[in-house]
Amino acid sequence: MSKTPKSMSTWRALNAALHDILADTPESFVLGEDITTWGTGGGIYGVTRKLADVYGKNRVMDTPISEEVLISAVTAAAARGTRPILEIMYSDFSFLGFDGIINQAAKSRYMFGGQFDVPLVIRTNGGSGIGKAAQHSQSLETLFAHIPGLEVVVPGTPGDAYGLLRHAVTTNNPTIFLEHKNQYYDKGLVDFEPLPFGQARIARVGTDVTIVATQQILARALVAAEILEADGISAEVIDPRTLFPFDMDTVYASVAKTRHLVVGHEAVRDYGWGAEFVAEVVENSWDKLDAAPVRLGAARTPIPYSEELEAAVIPTVDKIVAAVRRTLA
Amino acid sequence: MPDFDNEKQGITGLRLMAKIREFERRMPLLSEEGLIRGSTHPSVGMEAVAVGVSLALETGDAVASNHRGHAHTLAKGADFGRTMAEILGRADGYCGGKGGSMHIGVKEIGVLGTNGIVGAGIGIATGSALAAKVSGDGSVAVAYFGDGASNQGVLAEAFNLAAIWNLPVIFVLENNHYAQSASIEEMVAQPDFTKRGEAYGVKSVAVNGMDMRDVYLAAREAVDKARAGDGPTLIVADTYRYLGHMAGDTEIYRDADEVKQWHDKDPIAFLASNLIEAGALDDARWTAMQAELTSEVQAAEDFARKSPFPDVSTAFTDVYDKEEVSR
Ligand SMILES: Cc1ncc(C[n+]2csc(CCOP(=O)(O)OP(=O)(O)O)c2C)c(N)n1
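Below, the structure is looked at part by part. Values in this document were obtained by computation on a predicted structure and should not be read as measured data.

**Some remarks on the sheet that holds strand β7 (residues 233-238) of chain B**
Residue and element names in this part refer to chain B. What the five strands build is an open sheet, ordered β1-β2-β3-β7-β6; its pairing is parallel. Each edge of the sheet is formed by a strand with only one pairing partner; in this case those strands are β1 (62-64) and β6 (203-208). Going across the sheet, the axis of each strand differs from the next one's by a mean of 20 degrees, ignoring polarity. Strand direction decides the pairing type here: β1 and strand β2 (residues 141-146), joined by three bridges, are parallel. From the neighbouring strand, Ala62 faces β2, where its bridge partner is Ala141. Docked against the sheet, helix α9 (residues 212-227) engages β3 (169-175), β6 and β7, running at close to 160 degrees with respect to β6.

**Concerning the packing of helix α1 (residues 6-32) of chain B against helix α2 (residues 47-54) of chain B**
Two quantities define a packed helix pair, namely the angle between the axes and the distance from one axis to the other. Residue and element names in this part refer to chain B. In the contact formed by α1 and α2, the axes pass within 9 Å of each other and the chain directions differ by 135 degrees. Viewed along their axes, α1 and α2 adopt a mutual orientation that is oblique. As for the relative orientation of α1 and α2, their crossing is right-handed in sense. Here Gly13, Leu16, Met17, Ile20 and Arg21 of α1 lie close against α2, whose contacting residues are Glu47, Ala48 and Val51. Classifying every residue of the contact of α1 with α2 by side-chain character gives five nonpolar, one polar and two charged.

**A short note on the packing of aromatic side chains**
One pass over the structure, following the stated rule, counts 18 aromatic pairs over all chains. When the centroid spacing of 5.7 Å and the interplanar angle of 80 degrees are considered together, the rings of Phe112 of chain A and Phe116 of chain A count as edge-to-face. In this structure Phe112 of chain A comes out as partly exposed when scored by relative accessible area, which is 39%. Aromatic pair Phe23 of chain B and Phe80 of chain B: ring centres 5.6 Å apart, planes at 85 degrees, arrangement edge-to-face. One end of the pair, Phe23 of chain B, is in helix α1; the other, Phe80 of chain B, is in helix α4 (residues 80-87), with 57 residues separating them in the sequence. One aromatic cluster is present, formed by Trp38 of chain A together with Tyr178, Tyr240, Tyr253 and Trp262 of chain B through successive ring pairs. Sitting over the face of the ring of Phe309 of chain B, Arg90 of chain B holds its NZ or CZ atom 4.1 Å from the ring centroid.

**Considering the interface of chain B and chain A**
On the chain A side, the residues contacting the 46 residues of chain B number 41 residues. Together chain B and chain A conceal approximately 3400 Å² of surface at their shared face, both sides included; 57% is due to carbon and sulfur atoms. Seen at the junction of chain B and chain A, the total is one salt bridge. With a closest N to O distance of 2.9 Å, Glu310 of chain A and Arg37 of chain B form a salt bridge. Across the chain B-chain A interface, the total number found is 18 residue pairs in polar contact (both at pLDDT 80 or more). Of all the secondary-structure elements, those providing two or more residues to the side of chain B that touches chain A are α4 and α7 (184-187) of chain B.

Definitions and limits used
Residues numbered from 1 in each chain as written. Chains lettered and ligands numbered in written order. Predicted model: local features only at pLDDT ≥ 70, side-chain atom pairs only at ≥ 80, totals over all residues. Heavy atoms only, no water. Pairing = 2+ DSSP bridges. Helix = DSSP H or I, 4+ residues; strand = E, 2+ residues; numbered from the N terminus. Axes fitted to C-alpha atoms, helices over the stretch in contact; angles between N-to-C directions. Contact = heavy atoms within 4.5 Å. Parallel < 35°, antiparallel > 145°, perpendicular 65-115°, else oblique. Left-handed = near helix turned anticlockwise from the far one by under 90°. Nonpolar A, V, L, I, M, F, W, Y, C, P; charged D, E, K, R; others polar. Phe/Tyr/Trp six-rings, centres within 6.5 Å; stacked < 30°, edge-to-face > 60°. Buried < 20%, exposed > 50% of the residue type's maximum accessible area, 1.4 Å probe, protein only. Lys NZ or Arg CZ within 6 Å of the ring centre and 35° of its normal. Buried area = accessible area lost by both parts, 1.4 Å probe. Salt bridge = Lys/Arg side-chain N within 4 Å of Asp/Glu carboxyl O. Polar contact = N/O pair within 3.5 Å; in protein donor to acceptor, adjacent residues only side chain to side chain.

What follows is the structure, given as structure tokens:
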């Protein structure tokens with residue numbers, strides 16, 4: 001029953017994915033704080049809208065503010081054969097449940113010799129840009145990607161949001177599904193097909209430099225690429241989509257062509273996932289590089305509140321352009 | 001039983017409550033004007049709790065607040081202008097515009113921060129009380145948190161620690177009946193929150209959170225007990241927020257009649273009429289007080305609006321003690 005592709009916003013794409021998941025997957029259920037009674041009845045960004053009306057309160061439930069127990073509870077619920085999808089209102093709040101995520105969910109399969117599947121999805125949002133300040137704006141994808149046992153998804157378009165969420169529910173691993181709070185209203189084409197993990201997307205074809213970036217920085221990289229194009233520099237932009245599993249082959253192939261690499265993300269630059277991509281390329285494709293790769297990421301500071309300060313700590317279009325020029329110089 | 005002096009606590013408290021309300025009433029307007037980023041959570045209707053508790057505290061005592069923390073901060077003695085400047089993200093704000101509404105700390109008056117993490121203040125106040133015990137500085141600490149926060153795990157751990165160590169901490173649970181859009185009816189099976197404290201050996205009292213006198217008297221007792229080394233108290237204040245959870249709240253989760261009913265118990269009107277009845281206040285004085293505090297809040301707003309935005313370079317400072325400015 002494939003539907004015709006349609007342009008929609010990210011929140012709607014996610015909402016459509018959840019409707020389709022609940023319809024297709026009887027073991028799935030959705031839970032989180034304020035997911036049916038806030039706003040117009042769909043949580044803070046509308047993603048869970050009307051789910052309870054259609055699927056009932058047994059499969060779509062509002063929870064108390066109890067992240068710690070919820071995260072470890074859904075871990076066990078998953079191990080016992082259901083497919084929970086837990087919304088954590090902001091990814092910063094997942095810290096309350098890090099024992100559940102890291103010590104329980106991520107390790108259950110391994111510790112117990114492969115007996116347990118943990119088909120759990122934690123949907124949450126990260127990122128800055130709307131003044132939510134230090135405790136509601138962090139980009140935590142690197143922390144999650146560092147933990148063996150977790151799959152980490154960072155959709156950068158509405159189509160990817162739909163497709164990757166559909167896939168997330170089918171995998172038997174705990175998945176951290178990180179939306180970007182400043183991209184819920186961005187529009188794009190959704191084709192209503194599940195999208196496997198570990199397949200990067202070439203967001204723009206180019207020949208002179210490879211830029212690997214996600215979410216808000218991906219959007220900025222595409223703007224930077226237009227500016228560079230005007231100067232005769234052709235940038236290829238790659239969206240990894242999933243940070244684990246991650247698709248290095250697409251990056252190797254691109255670097256073999258462009259011989260230059262810039263990696264950009266909103267997570268703090270130091271010790272960030274960009275370093276991982278750079279290291280992989282340096283270790284395995286050293287001979288394909290004509291210059292040292294460049295990493296871009298947020299400054300080593302919490303996210304400040306005031307607008308100009310907030311803007312100053314994460315990579316801008318100008319900084320991406322400058323980074324490309326630096327590696328090409 | 002401590003006593004309530006109509007001038008000392010009554011008039012002072014009434015004025016402070018009315019001034020905080022005037023301040024908070026402006027939040028949605030400033031938000032609509034685009035001057036407040038992110039989210040801001042006014043506490044209109046809940047003034048009696050912050051003020052009643054604060055009147056029992058000294059400057060050296062500490063408060064750990066939550067996301068709905070302007071009143072807690074102002075009642076503890078924060079300057080209205082600098083608090084407003086912080087909410088507007090300005091250089092003259094207490095945190096130089098880095099914190100905003102949800103992260104206002106004021107060290108010199110013991111405000112350990114409003115907080116964006118629901119329930120976090122419970123652990124933080126417990127830690128302040130631990131420091132007081134270890135250092136013997138004689139201070140007490142207050143944690144303000146909501147009915148929603150009572151469902152966080154930290155509450156159980158903090159109550160137990162405070163009880164076994166007899167810590168000078170006062171847990172103030174502001175039960176305004178909703179956690180964002182979630183009603184207590186749906187989120188707790190035992191709505192008598194005093195049972196939570198009792199279960200851990202924390203002395204627990206329920207107060208009418210719309211009656212500043214009732215709150216003050218309970219707080220006074222709790223503070224005296226804590227200072228005497230007799231350990232923690234949980235104060236459960238029954239109250240209500242008149243405005244939405246934050247600017248832009250559709251409020252589909254509650255009906256207007258309910259809100260109206262609580263307006264009939266308004267803590268400011270209630271205290272004013274009590275003081276008038278007792279002969280401690282008359283209409284003329286009350287009218288004059290209101291005019292005066294309105295112009296004080298206006299001055300605070302003018303100050304905040306005129307305050308410059310912080311210099312961008314400050315985005316990279318204060319991360320470490322030794323300034324290691326990163327990219
Ligand atoms: C750990 C955490 N979870 C969720 C939130 C989102 N959130 C902010 S305020 C709030 C409701 C808090 O309710 P309550 O503690 O009763 O305080 P009230 O808002 O009623 O004053 C929620 C769910 C948060 N800030 N932190």
